[in-house]
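Residues per chain, in single letters:
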Amino acid sequence: MLDIADVLNRWLEEGRDFAVATVVAVSGSAPRGPGAALAVDADGTAIGSVSGGCVEGAVYDLCAQALADGVAVRERFGYSDEDAFAVGLTCGGVLDILVTPIPAGGPDRKTFQTALTAAARGEAVALARVVRGPAWLLGRALAVRHDGSYKGEVGGHPDLDRAVVDETRSLLNAGRTGTFDIAQDGSHCEPDLTLLVESIVPPPRMLVFGAIDFAAALVRVGKFLGYHVTVCDARPVFATRSRFPEADDIVVDWPHRYLHRARSDDRTVVCVLTHDAKFDVPLLETALRLPAAYIGAMGSRRTHEDRDRRLRETGLTEAELTRLHSPIGLDLGARTPEETALSIAAEIVAARHGGTGLPLSDSHTPIHHDTDGRRPGRSARVAA
């Protein structure tokens, strides 16, 4: 739902009545994951998508019905073996959809407004909604911020809201969208509720070191993938806005010195394109000891062997060295800067989702890889 926050926030400001259909669970091969949403207003205007076209018509009708009767409803859509033209997912997957009416003056309207306004502004926020449980709780929502402040209420036991806020903050801090199970008294004993948490956080960072032609192509691909992209190079003649017009930030500094002060977390991507030992070694020595989702370095295999030897001499452990993707990128036979940027981006995506990098036609793995975000003792299902 938060992925269409800009339009929904405008609808709220205009006082429109609307209903939102949200994917809350997926099994098998389905085109869109939890959090994908289709919204329909009282005039019949629709935005968003829950299935890429497979069941949009039926979900549209559910939204119209929810607007008419004011009742949240959960429906399941799957492949129909009996009638190939019946409503269903021809890809063979199953989608569970929660349809929630959000009329003007509705009990959760201000909660949704808090979440949608923050999301539209690019601020970190999470929206938690009951997607399984008693009918009177279905669709109830809480909007939660990093500091633990929140808007709305789930209802029921007085400890429930506090427990929901704590669980939601955990997912928000990780920048994740997913579900968790909980009991109506706020405990985890015999849970009878499931809540979907949709998190929106500032975009992950891509740090590109080396202001070369390959970097310019990688900046464009990084922006396309939704990263906040920074280009860093110690040479001011190359690290210029005219060479990298699409970069969010351009930094003139020694790479390792900038990385020491730069913000890095477990979503950050570090791409080292300098292939010059005086830049690479101190930079990678720093990077491999920081949190990051991906660290890759450009260079020939001979360059990699020399770099590996130098990095070992700095005292990096075997576990730290195994984090390095070098030579950077997947084997696509790339030659041009654009092709090389594509191979790097493909490896970043594969690393993020646990992909093999093999052609789907030659592999027997699931097309969509699930990320298991289970915490010990908790029933949690997480989608990246």
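Before any of the text, the structure's been laid out above.
Below you will find a few notes about this structure. Since the model is a prediction, treat every value here as computed from it, not as a measurement.

1. Observations regarding the sheet that holds strand S13 (residues 249–252)
Right, so step 1: Pairing within the open sheet is parallel, and its six strands lie in the order S13-S12-S11-S14-S15-S16. Each edge of the open sheet carries a strand with a single partner, namely S13 and strand S16 (324–325).
Right, so step 2: Alignment of strand S14 (residues 269–272) against strand S15 (residues 294–297), held across four bridges, turns out to be parallel. Paired with Val272 across the bridge in S15 is Ala297.
Right, so step 3: On top of the sheet, helix H7 (residues 277–287) reaches strand S11 (205–209), S14, S15 and S16; it is set at about 165° to S14, its chief contact.

2. Quick notes on the environment of Gln65
Right, so step 1: Positionally, Gln65 belongs in helix H2 (residues 56–69).
Right, so step 2: Linking Gln65 and Pro101, residues 36 residues apart in sequence, is a C-alpha distance of 9.1 Å.

3. Section: the side chain of Thr22
Right, so step 1: Mapped onto the fold, Thr22 is located in strand S1 (residues 18–27).
Right, so step 2: Taking the relative accessible area as the measure of exposure, Thr22 reaches 0% and is therefore buried.
Right, so step 3: A polar contact is formed between the side chain of Thr22 and the side chain of Arg129, at a distance of 2.9 Å.
Right, so step 4: Apart from the residues lying within four places of it in its own chain, the contact partners of Thr22 are Met1, Gly35, Ala36, Ala37, Asp96, Ile97, Leu98, Arg129, Leu196 and Glu198.

4. Some remarks on the packing of helix H1 (residues 5–13) against helix H3 (residues 109–120)
Right, so step 1: Running from N to C, H1 and H3 point in directions that differ by 135°, and their axes come no closer than 9 Å. Classified by the angle their axes make, H1 and H3 are oblique. The two elements H1 and H3 cross, and the hand of that crossing is left-handed. Here Ala5, Asp6, Leu8, Asn9, Trp11 and Leu12 of H1 come into contact with H3, specifically with Arg109, Phe112, Gln113, Leu116, Thr117, Ala119 and Ala120.
Right, so step 2: Its residues assigned to classes, the contact of H1 with H3 shows eight nonpolar, three polar and two charged.

5. Quick look at a nonpolar patch on the surface
Right, so step 1: A surface patch of nonpolar side chains, about 310 Å² in accessible area, is lined by Phe224, Leu225 and Val349.
Right, so step 2: Topologically, Val349 is positioned in helix H10 (residues 337–353).

6. Thoughts on unusual backbone geometry
Right, so step 1: The linkage connecting Ser326 with the following residue, Pro327, adopts the cis geometry, with an omega of -5°.
Right, so step 2: Here Pro327 shows up in the loop between S16 and H10.
Right, so step 3: Although it is not a glycine, Glu190 sits at a positive phi angle of roughly 50°.
Right, so step 4: By the secondary structure assignment, Glu190 is in the loop between strand S9 (177–182) and strand S10 (193–200).

7. Overview of the side chain of Arg109
Right, so step 1: With respect to the element layout, Arg109 can be found in helix H3.
Right, so step 2: Of the side chains with opposite charge, Asp17 lies nearest to the buried Arg109, which makes no salt bridge, at 4.4 Å.
Right, so step 3: Residue contacts for Arg109: discarding those within four places in its chain leaves Trp11, Leu12, Gly15, Arg16, Asp17, Phe18, Ile102, Pro103 and Ala104.

8. Considering H10
Right, so step 1: A rise of 1.5 Å per residue sets the reference length of H10, with its 17 residues, at 24 Å; its end C-alpha atoms lie 24 Å apart and thus fit the reference within 8%.
Right, so step 2: What H10 keeps buried is the set Thr340, Ala341, Ser343, Ile344, Ala345, Glu347, Ile348 and Ala350.
Right, so step 3: One or two residues past the end of H10 sits Gly354, with phi positive at roughly 80°.

9. Thoughts on the sheet that holds strand S4 (residues 73–78)
Right, so step 1: Overall, antiparallel pairing links the five strands, which are arranged S3-S2-S1-S5-S4 in an open sheet. Either end of the sheet is taken by a strand with one partner, and the two such strands are strand S3 (46–48) and S4. In this sheet, adjacent strand axes meet at a mean angle of 20° when their direction is disregarded.
Right, so step 2: In this sheet, S3 lies alongside strand S2 (residues 37–41) in antiparallel orientation, the contact comprising three bridges. Looking across to S3, one finds that Ala39 is bridged to Ile47.
Right, so step 3: On top of the sheet, H2 reaches S1, S2, S3, S4 and strand S5 (94–102); it is set at about 50° to S2, its chief contact.

Reading the values: the criteria
Residues numbered from 1 in each chain as written. Predicted model: local features only at pLDDT ≥ 70, side-chain atom pairs only at ≥ 80, totals over all residues. Heavy atoms only, no water. Pairing = 2+ DSSP bridges. Helix = DSSP H or I, 4+ residues; strand = E, 2+ residues; numbered from the N terminus. Contact = heavy atoms within 4.5 Å. Axes fitted to C-alpha atoms, helices over the stretch in contact; angles between N-to-C directions. Buried < 20%, exposed > 50% of the residue type's maximum accessible area, 1.4 Å probe, protein only. Polar contact = N/O pair within 3.5 Å; in protein donor to acceptor, adjacent residues only side chain to side chain. Parallel < 35°, antiparallel > 145°, perpendicular 65-115°, else oblique. Left-handed = near helix turned anticlockwise from the far one by under 90°. Nonpolar A, V, L, I, M, F, W, Y, C, P; charged D, E, K, R; others polar. Patch = residues over 30% accessible without salt bridge, like charges linked within 9 Å, V, L, I, M, F, W, Y side chains within 5 Å. Areas by Shrake-Rupley, 256 points an atom, 1.4 Å probe, with all protein chains shown as cover. Salt bridge = Lys/Arg side-chain N within 4 Å of Asp/Glu carboxyl O. Lys, Arg positive; Asp, Glu negative; His and termini not counted. Expected span 1.5 Å × (residues − 1).

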